[in-house]
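Observations on chain architecture
Each chain, written out:
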Amino acid sequence: MHANTTRGFLWSDVETRTLLNIWGEQDIQIALDGNFRNSFVYRDVARRLGAMGFERTPEQCRVRVKSLKRQYLLAKEGNIRNNGQYHKICKFYDTMERILSNRPAIDPQELIDSGTGGDETADGMEDEGEDAQDTYSESMGECPIPAETEVKLEYPTVPIPIPVKVTVGNNSTSIRQSSTTGTSMRQNNSSQAASTFTSSRPKRPRKRRANFPMEKLMEQFLEQSTQAEESFYRIEEQRLQAEDRRRESEHARELHMLQMLGQMFSSISSASPVSVATLSRTVPPTRAPVYSSASPNCPRGQTSHLRRPSPQADCFSQQSQLLNSDPQTLVFERYLSFGSTSHRGMDDDVVSLVKSIVPPLTSKKHKGQDGRIGIIGGCQEYTGAPYFAAISALKVGADLSHVFCTRDAATVIKSYSPELIVHPVLDSPNAVEEIEKWLPRLHSLVVGPGLGREDALLKTAKEVIEKSKSRDIPIVIDADGLWLVSQQPSVIQGYQKGILTPNFMEFTRLYEALHHEPMDSSDHQRSAMQLSVAMGNLTVVLKGEEDVITDGSKVILCSTRGSGRRCGGQGDLLSGSLGVLAHWAYASSAGKEKSVNPSMVAAFGACSLTRQCNSQAFRHHGRSTTTSDMIQEIGSAFKKLFES
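Predicted model, so just to flag it, every value in this text is computed and none were measured. (Residues numbered from 1 in each chain as written. Predicted model: local features only at pLDDT ≥ 70, side-chain atom pairs only at ≥ 80, totals over all residues. Heavy atoms only, no water.)

Section: the overall build of the protein
Along the protein, the regular secondary structure elements total 23 helices and 14 strands. Classification of the 644 residues of the protein by burial places 45% in the buried group. Pairs at least 24 apart in sequence give 69% of the contacts found in the protein among residues at least 6 apart. Looking at the protein as shown, the accessible area adds up to about 34000 Å², and 53% of this sits on carbon and sulfur atoms. (Helix = DSSP H or I, 4+ residues; strand = E, 2+ residues; numbered from the N terminus. Buried < 20%, exposed > 50% of the residue type's maximum accessible area, 1.4 Å probe, protein only. Contact = heavy atoms within 4.5 Å. Areas by Shrake-Rupley, 256 points an atom, 1.4 Å probe, with all protein chains shown as cover.)

Set out below in structure tokens:
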């Protein structure tokens, strides 16, 4: 057996049982009861314990035995009070009971009569005698120190003065004896102390031990825990309320600043119209203000929508017509291009309008309040486009995103993301009825991503658009939805909350279908305005090197820097984010005077966001940039543009 020398003061159960077996042996008990020093006895116990493989000092053995005797006495007292649950107090109760029941009682009278002894003997007898007295008092009643108890002491050969301290009740009397007076004097004093002790026979006060039932402790603990939890939630609620008030105050301050800016610009334009307007007599009198990104010194010569004069001729013609201008034919050139550095202040006006429609994030809102967007599209061949549009809507800030697709595409789209709600009903016989029951829950609709050109799917999409128009919600039409519009323009024509997002090829197809003549590719702004007017002043977003946004009366150019990477799916990101921003724009302008078409504000925000995502993703991935990389940049791009 290997010796264990690193346990310190911790005793294992095996080590404790071995100690008790050695301490309970007959020769050890006889030695403890005989005229032997306890230090010698425990030295022998430690030696035997070391032979068993456990290295302990005699003092450690003595302290451990004393601790076990105290546990035994507590357990024996608890045997009466706690319904016999003594094993919970003393694990080695049975072993201690067996050992201590065979030991003879100790007489404290002989301890007082003897009166002398070494320090080691006194310490040892204090350990052994005190526990023996406790045992006797528990078994015989309240007699604290019985007279018949026998106490044996070892006397030194040389008389040494030893103080004997007798404790009676709460009073202590110390008797000091001098060894020079001899043995007779010591015996006389001992007999006097014994006679005094036996005559008074005071009752030994019982030790008071804390007795707290476990049920009360648990009740107190649970009550304190509940109070702490309530206090925490109360403080957290106060913090959230303070945060909500702070955000509301910031939002109100921003709105106030926007109102002040609007009043300032309106006062400037009314005070000196010549300074902010240029006359273009080539524009018909019915033409309203046009927002463009032309430079004030006319380097590009794009102020006219019917012809492109040279820069010098255009500037001189404008200067010569200022004094003879007709107020009804003024075209306001408010330089709102987002990419222009010389007119950054004007750019901030449009950005501020987009910021004003973004709802604040507060704890008072419930799920779905910031937008429930529906995507009509997704067939067996095209499953990525509806996913890109739906997940972009969620990334921008919508709460819920529904995808209404064919049965073959549903499982694939569901596997892309668990955040999307996918309805495999687009090719079912009663598809319109299945989608119509969801329309009251939707705030805006995006039609076309991954729709395909099957006649049955196009027919379902057309009927869904008609149902959505009756509910007066914004409708964004993209991709194959634009093919449907080119075949049947009346499906969306004249609906003011309709937004078309064609690329150059889709725009050409729409223009030629409505005007029955080739498009003039040299002037995209004029062509876009003509298409918007032909469609009943719908908002048209012509995607290209510069995104042209017009509602037939105004033009806004978005030139936010993107990149040269043109991967598939960027238009789906734009249409999905535009669906969310359109809902926010119309929700924020409800009951207010619409100085700018909310659809144009939403379109400008979506175009700027898409270009910013493209730029950020290109910086990280370069030529390998994909739409999935751009979607990962939506959060940071949105914060940089509209929350900084």
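Looking at the pairing of strand β13 (residues 547–550)
Residues of β13 alternate between two faces, with Asp547 and Ile549 on one and Val548 and Thr550 on the opposite face, all of them buried. Taken together, the three bridges between strand β12 (residues 539–542) and β13 define a ladder with antiparallel strand orientation. Looking at the pairing, Val540 lines up with Thr550 of β13. Joining the antiparallel neighbours β12 and β13 is a turn of four residues. Turn length for the β13-strand β14 (residues 555–558) hairpin, with the two strands adjacent in sequence and antiparallel, is four residues, and the turn residue Gly552 shows positive phi of about 95 degrees. (Pairing = 2+ DSSP bridges.)

Digging into the pattern of salt bridges
Following the criterion strictly, the structure yields 19 salt bridges and no others. For Glu434, the salt bridge is made with Lys437, and the minimal N-O distance between the two is 3.2 Å. Classification of Glu434 as partly exposed rests on a relative accessible area of 24%. For Lys497, the salt bridge identified is with Asp472, shortest N-O distance 3.2 Å. Residue Lys497 is located in the loop between α17 (480–487) and β11 (498–500), and its partner Asp472 is located in the loop between α16 (455–470) and β10 (475–477); the two are separated by 25 residues in the primary sequence. Taken together, the salt bridges that share partners define one network made up of Glu25, Asp27, Asp44, Arg47 and Arg48. (Salt bridge = Lys/Arg side-chain N within 4 Å of Asp/Glu carboxyl O.)

Some words on the environment of Pro424
Along the chain, the position of Pro424 falls in strand β8 (residues 421–424). A sequence separation of 46 residues divides Pro424 from Gly378, and the C-alpha atoms of the two residues are 9.3 Å apart. If we ignore the near neighbours within four places in the chain, the residues touching Pro424 are Cys405, Thr406, Arg407 and Ala410.

Here we look at a negative patch on the surface
On the surface, a cluster of negative charge is made up of Glu381, Asp408, Asp427, Glu454 and Asp455. By secondary structure assignment, the location of Glu454 is in the loop between β9 (444–447) and α16. (Patch = residues over 30% accessible without salt bridge, like charges linked within 9 Å, V, L, I, M, F, W, Y side chains within 5 Å. Lys, Arg positive; Asp, Glu negative; His and termini not counted. Charge placed at Lys NZ, Arg CZ, Asp CG, Glu CD.)

Notes on the confidence of the model for the protein
Close inspection of predicted coordinates is inappropriate in any region flagged by low pLDDT. In the predicted model, the protein carries a mean pLDDT of 75, and the fraction of residues at 70 or more is 66%. Low pLDDT, under 50, characterises residues 162–187; the stretch is placed with 29 contacts to residues that sit more than four places away or in other chains. Taken together, the stretch residues 272–343 has pLDDT below 50 and engages in 124 contacts with residues farther than four places along the chain or on a different chain. (pLDDT = per-residue confidence, 0-100.)

Some remarks on the packing of helix α1 (residues 13–23) against helix α5 (residues 93–101)
The N-to-C vectors of α1 and α5 enclose an angle of 10 degrees; their axes lie 10 Å apart at closest approach. As far as their axial angle goes, α5 and α1 are roughly parallel. On α5, the residues touching Arg17, Leu20, Asn21 and Trp23 of α1 are Thr95, Met96, Arg98, Ile99 and Leu100. Residue composition of the contact of α1 with α5, by class: five nonpolar, two polar and two charged. (Axes fitted to C-alpha atoms, helices over the stretch in contact; angles between N-to-C directions. Parallel < 35°, antiparallel > 145°, perpendicular 65-115°, else oblique. Nonpolar A, V, L, I, M, F, W, Y, C, P; charged D, E, K, R; others polar.)

Some thoughts on the packing of helix α21 (residues 598–621) against helix α23 (residues 634–642)
At a closest axis distance of 9 Å, the pairing of α21 and α23 adopts a crossing angle of 125 degrees. Comparing their axes, α23 and α21 come out oblique. Two packed elements cross with a definite hand, and for α21 against α23 that hand is right-handed. Mapping the contact onto sequence places Gly605, Ser608, Leu609, Gln612, Cys613 and Gln616 in α21 and Ile634, Ser636, Ala637, Phe638, Lys640, Leu641 and Phe642 in α23. Class assignment for the residues of the contact of α21 with α23 results in seven nonpolar, five polar and one charged. (Left-handed = near helix turned anticlockwise from the far one by under 90°.)

Looking at the side chain of Thr383
Locating Thr383 in the fold gives a position in the loop between β6 (372–376) and α13 (384–396). At a separation of 2.9 Å, a polar atom in the side chain of Thr383 contacts the side chain of Tyr416. What Thr383 contacts, discounting residues up to four positions off in sequence, is Ala409, Val412, Ile413 and Tyr416. (Polar contact = N/O pair within 3.5 Å; in protein donor to acceptor, adjacent residues only side chain to side chain.)

Remarks on the state of the cysteines
Per the stated rule, a full pass over the model turns up zero disulfides. Counting only cysteine sulfurs, Cys379 is the nearest neighbor of Cys405, a cysteine outside any disulfide, at a range of 9.4 Å. Given the relative accessible area of 0%, Cys405 is considered buried. (Disulfide = S-S within 2.5 Å.)

Digging into the sheet that holds β14
Ordered by their spatial adjacency, nine strands build an open sheet running β8-β7-β6-β9-β10-β11-β12-β13-β14, and the pairing between neighbours is mixed. The open sheet is flanked by β8 and β14, the only strands paired with a single partner. Taken pair by pair, the neighbouring strands of this sheet meet at an average axis angle of 15 degrees, ignoring direction. Bridge count for β9 against β10 is three bridges, and the pairing is parallel. Looking at β10, one finds that Leu445 is bridged to Ile475. Taken strand by strand, helix α20 (residues 570–588) contacts β6, β9, β10 and β11, and its axis lies near 160 degrees from that of β9.

Observations regarding the environment of Arg619
By the secondary structure assignment, Arg619 is in helix α21. By relative accessible area, Arg619 is classed as exposed at 56%. Put simply, Arg619 and Ser563 are 56 residues apart on the chain and 9.0 Å apart in space, counted from C-alpha to C-alpha.

Focus on the nonpolar core
Ranked by internal contacts, the top residues of the largest apolar core, which has 57 residues, are Leu420, Ile549, Leu578, Phe604 and Leu609. The dominant element in this core, judged by the number of residues it contributes, is α21, at 10 residues. For Leu420, the contacting residues outside a window of four places in its chain are Tyr387, Ala390, Ile391, Leu394, Ser401 and Ile413. Val425, Ile465, Ile477 and Met529 belong to the second-largest nonpolar core, a separate cluster that totals 40 residues. (Core = buried A, V, L, I, M, F, W, Y, C linked by side-chain atoms within 4.5 Å.)

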